[in-house]
Amino acid sequence: MNQLVATEQLRALGLEIDLAETGVEAVRHAEARPYDLILMDLHMPEMDGLKAARAIRKLPAHASTPILAMTASAFGEDRDACLEAGMNDHISKPVETEVLVATLSRWLGRRPGGVGPRDV
């Protein structure tokens, strides 16, 4: 259900998205193409988000791609684990649209769905 809500929020912001059901699939997507930003759930089957982020960081095309945790795991130690795994930031679920837009704007360098400099 959270994935459906997040997908709709992202599409409403005019973003093109790819979905990965597992951490292994997320790594395969990253191997196949460049992304401007990656949202990563921590709790995925086959490979958790921390392991997937570490694997994606090893890919030359994604050495500096912003990877943001998007998870219900919102404790300080969860955030620290995300940063240690190579993620850049953390968005807590349930996701508030204003927080999502501000965080994506910070990492994309522009407001989602718009063009030009950060304006959020």
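Quick look at the structure, then.

Calculation criteria
- Along each chain, residue indices are assigned from 1 in the same order as the chain's sequence is written.
- With pLDDT at 70 or above as the cut-off, local features in this predicted model cover only qualifying residues; side-chain atom pairs require 80 or more to be listed or tallied, and sums for whole chains, interfaces and linings still use all residues.
- Note that water and hydrogens are dropped before the side-chain values are worked out from all heavy atoms of the structure.
- Secondary structure elements are defined from DSSP: runs of H or I of at least 4 residues count as helices, runs of E of at least 2 residues count as strands, and each element is numbered from the N terminus.
- Expected span of a helix, by definition, is 1.5 Å for each gap between consecutive residues, and there is one gap fewer than residues.
- Using a 1.4 Å probe on the protein chains alone, a residue whose accessible area is under 20% of its type maximum counts as buried, one over 50% counts as exposed, and one in between counts as partly exposed.
- Any two strands with at least two DSSP-identified bridges between them are counted as paired.
- For helices, the axis comes from a line fit to the C-alpha atoms of the stretch in contact; other axes are also lines fit to C-alpha atoms, and the angle between any two N-to-C directions lies between 0 and 180 degrees.

Attention now moves to helix α5 (residues 97-108). Relative to the 16 Å expected for 12 residues at 1.5 Å per residue, α5 spans 16 Å between its end C-alpha atoms, a close match to the ideal helical length. All of the buried residues in α5 are Leu 100, Val 101, Thr 103, Leu 104 and Ser 105. Once α5 ends, the next one or two residues include Gly 109, with phi positive near 80°.

Ordered by their spatial adjacency, 3 strands build an open sheet running β1-β2-β3, and the pairing between neighbours is parallel. Every interior strand has two partners, whereas the edge strands, β1 (38-40) and β3 (89-92), have only one. Ignoring strand direction, the axes of neighbouring strands in this sheet form an average angle of 30°. Here strand β2 (residues 67-71) runs beside β3; their pairing, made up of 4 bridges, is parallel. Pairing of Thr 71 across the sheet is with Ser 92, part of β3.

These values are about where atoms sit, not about what they do.
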